[in-house]
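What follows is each chain in one-letter form.
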Amino acid sequence: MKQYNLGIEATLEIIGGKWKALIICLLMSGVKRTSELQRNIHGISQKVLIQQLRELEKDGLVRRYVYQQMPPKVEYSLTEYGVTANKIVEVMCSWGKENIKKRQQQGEDIVLLEEVTGGL
């Protein structure tokens, strides 16, 4: 039997790490192909992206749809359960923005590209 000391442990097991929250955030706006996700997540390799998507699919947050055509076409979307993670991602985004403002006020040379470019 798996045991957790705190509920956040279960949350981090599912959406923790460098990329999963970003993937969820991007899928909130609708269905995306692998290439679209990779273009919008700077620094992620295709191998890691696919691995993360498969883990999110296994955990029930992401749906993968494969079209039977040539060349192959695969699309990803959030499941109903995956949409519930938006609350967590929104809080993380808000905290991140406040953190950046605080660091700017302390003199750190830092910018939030989302504000410069109008989002992802």
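Conventions adopted
- Residues numbered from 1 in each chain as written.
- Predicted model: local features only at pLDDT ≥ 70, side-chain atom pairs only at ≥ 80, totals over all residues.
- Heavy atoms only, no water.
- Core = buried A, V, L, I, M, F, W, Y, C linked by side-chain atoms within 4.5 Å.
- Buried < 20%, exposed > 50% of the residue type's maximum accessible area, 1.4 Å probe, protein only.
- Helix = DSSP H or I, 4+ residues; strand = E, 2+ residues; numbered from the N terminus.
- Contact = heavy atoms within 4.5 Å.
- Phe/Tyr/Trp six-rings, centres within 6.5 Å; stacked < 30°, edge-to-face > 60°.
- Lys NZ or Arg CZ within 6 Å of the ring centre and 35° of its normal.

The chain appears in an unreviewed UniProt entry as MarR family transcriptional regulator from Brevibacillus porteri.

Visitor: Please explain the nonpolar core as it appears in this structure.
Guide: Buried together is how nonpolar side chains tend to be arranged in soluble globular proteins. Membership of the largest hydrophobic core comes to 20 residues, with the highest contact counts inside it found for Ile-23 and Ile-24. At five residues, the largest contribution of residues to this core is made by helix α2 (residues 20-27).

Visitor: Can you walk me through unusual backbone geometry in this structure?
Guide: Only a minority of non-glycine residues have a phi that is not negative, and only a minority of peptide bonds are not trans. With omega at -5 degrees, the peptide bond leading from Met-70 into Pro-71 counts as cis. Along the polypeptide, Pro-71 turns up in the loop between β2 (62-67) and β3 (73-78).

Visitor: Honestly, the environment of Trp-19 in this entry has me stumped. Any pointers?
Guide: The residue Trp-19 is located in the loop between α1 (7-15) and α2 in this model. Taking the C-alpha atoms as reference, Trp-19 lies 8.1 Å from Ile-41; in sequence the two are 22 residues apart. Residue contacts for Trp-19: discarding those within four places in its chain leaves Ile-41, His-42, Gly-43, Ile-44, Val-48 and Gln-52.

Visitor: Would you mind showing me how to read the packing of aromatic side chains here?
Guide: What describes a pair of aromatic rings is the distance from one ring centre to the other and the angle between the planes of the rings. Tallying each qualifying case throughout the model produces one aromatic pair. Aromatic pair Tyr-65 and Tyr-67: ring centres 4.6 Å apart, planes at 80 degrees, arrangement edge-to-face. Positioned over the ring face of Tyr-67 is Lys-73, at 4.6 Å from the centre of the ring.

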